[in-house]
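Read off the chains here:
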Amino acid sequence: MNDHLRLVRDFHQKYGISQPEYPETAHLSDSEIILRQSLLLQCGSDICKAISGGDLEKILAGLVDLAYNALAAIALRGDDVINVTVSWRQDGSVLSMVKTLTDRMNNCNSGETVDYSGLYALCRHLCKFFLNADFDNAFQLVHDSLIAQQALHAGSETLDKAPDLSTAFYE
């Protein structure tokens, strides 16, 4: 099982979010797909705001949060991450990156693991090649922050406040 997915599944288990035992699979209901899409779009909006403001740390937090929510949908299906090849045309324009990202998010309205896996893979790819950041380190920092937030109050799987991710950037 994907290491990041294991962390998300552990989060779900710790906070009583129902999910099938791996590798038992289930389809997401229409209402669950809509809820998941809403969370993805919220993350996407946060990323776009961070891009327009030029805040690399917020962009990183948004991409990791988006990946976390894509993995949450996979966990709710009881599946594992599917290896999906992603590409992004590095033409010096952030518009091409945002278009690629929003297209992947839109594909997730299918409720299928392959589409959530593709979004997760794109987030990893953009962290490395767009931001020059360590996705694994950033993911762990965000996960730890979510666990701490949940210990204080119940909420969603999106960040209330992003942790300090400055250490996740390569110099």
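Residues numbered from 1 in each chain as written. Predicted model: local features only at pLDDT ≥ 70, side-chain atom pairs only at ≥ 80, totals over all residues. Heavy atoms only, no water.

Let's talk about the pattern of salt bridges
- Here the structure, examined in full by the defined rule, presents 6 salt bridges.
- The partner of D3 in a salt bridge is R6, with the nearest N and O atoms 4.0 Å apart. Remark: R6 and D3 occur in helix α1 (residues 3-14); sequence separation between them is 3 residues, near one turn of the helix.
- Residue classification places D3 among the exposed positions, given a relative accessible area of 56%.
- Residue class for R6 comes out partly exposed when judged on its relative accessible area of 38%.
- The closest approach of N and O atoms between E112 and R77, which form a salt bridge, is 3.8 Å. Taken together, the positions of E112 in the loop between α4 (94-107) and α5 (113-129) and R77 in helix α3 (residues 56-77) put the pair 35 residues apart, joining distant regions of the chain.
- Taken together, the shared-partner salt bridges in this structure form one network comprising R77, D79 and E112. (Salt bridge = Lys/Arg side-chain N within 4 Å of Asp/Glu carboxyl O. Helix = DSSP H or I, 4+ residues; strand = E, 2+ residues; numbered from the N terminus. Buried < 20%, exposed > 50% of the residue type's maximum accessible area, 1.4 Å probe, protein only.)

Some thoughts on the nonpolar core
- Counting residues in hydrophobic clusters, the biggest one holds 53 residues, and the most contacted among them are L60, L63, L66, L101, Y116 and L119.
- Within the residue set of this core, elements represented by two or more residues are α1, α2 (30-53), α3, α4, α5 and α6 (135-152).
- Tallying contributions element by element places α3 first for this core, with 15 residues.
- Those residues in contact with L63, other than ones at most four positions away along the chain, are I47, L101, C123, L126, C127 and L131. (Core = buried A, V, L, I, M, F, W, Y, C linked by side-chain atoms within 4.5 Å. Contact = heavy atoms within 4.5 Å.)

With respect to α3
- If you check α3, its first and last C-alpha atoms are 32 Å apart, about what 22 residues at 1.5 Å a residue would give, namely 32 Å.
- In terms of residue burial, α3 counts as a mostly covered element, since 19 of its 22 residues are buried.
- Phi turns positive one or two residues past the end of α3, at G78, with a value near 85 degrees. (Expected span 1.5 Å × (residues − 1).)

Describing the packing of α2 against α3
- Here α2 crosses α3 at 170 degrees, and the two axes come no closer than 8 Å. Relative to α3, α2 is oriented roughly antiparallel. Between α2 and α3, the residues in contact are E32, R36, L39, L40, C43, I47, A50 and I51 and K58, I59, G62, L63, D65, L66, N69, A70, A72, A73 and L76, respectively.
- Its residues assigned to classes, the contact of α2 with α3 comprises 13 nonpolar, 2 polar and 4 charged. (Axes fitted to C-alpha atoms, helices over the stretch in contact; angles between N-to-C directions. Parallel < 35°, antiparallel > 145°, perpendicular 65-115°, else oblique. Nonpolar A, V, L, I, M, F, W, Y, C, P; charged D, E, K, R; others polar.)

Looking at the packing of α4 against α5
- Contact geometry for α4 and α5: axes closest at 8 Å, N-to-C directions at 155 degrees. By the angle class used here, α4 and α5 are roughly antiparallel. In this structure, α4 crosses over α5, and the sense of that crossing is left-handed. Counted together, M97, T100, L101, R104, M105 and N107 of α4 and D115, G118, L119, L122, C123 and L126 of α5 form the full contact between these two elements. (Left-handed = near helix turned anticlockwise from the far one by under 90°.)

A look at the confidence of the model for the protein
- In this model, the protein carries a mean pLDDT of 91, and residues with pLDDT of at least 70 account for 94%.
- Of all secondary-structure elements in the protein, the lowest mean pLDDT belongs to α6, at 88, while α5 reaches the highest, 97. (pLDDT = per-residue confidence, 0-100.)

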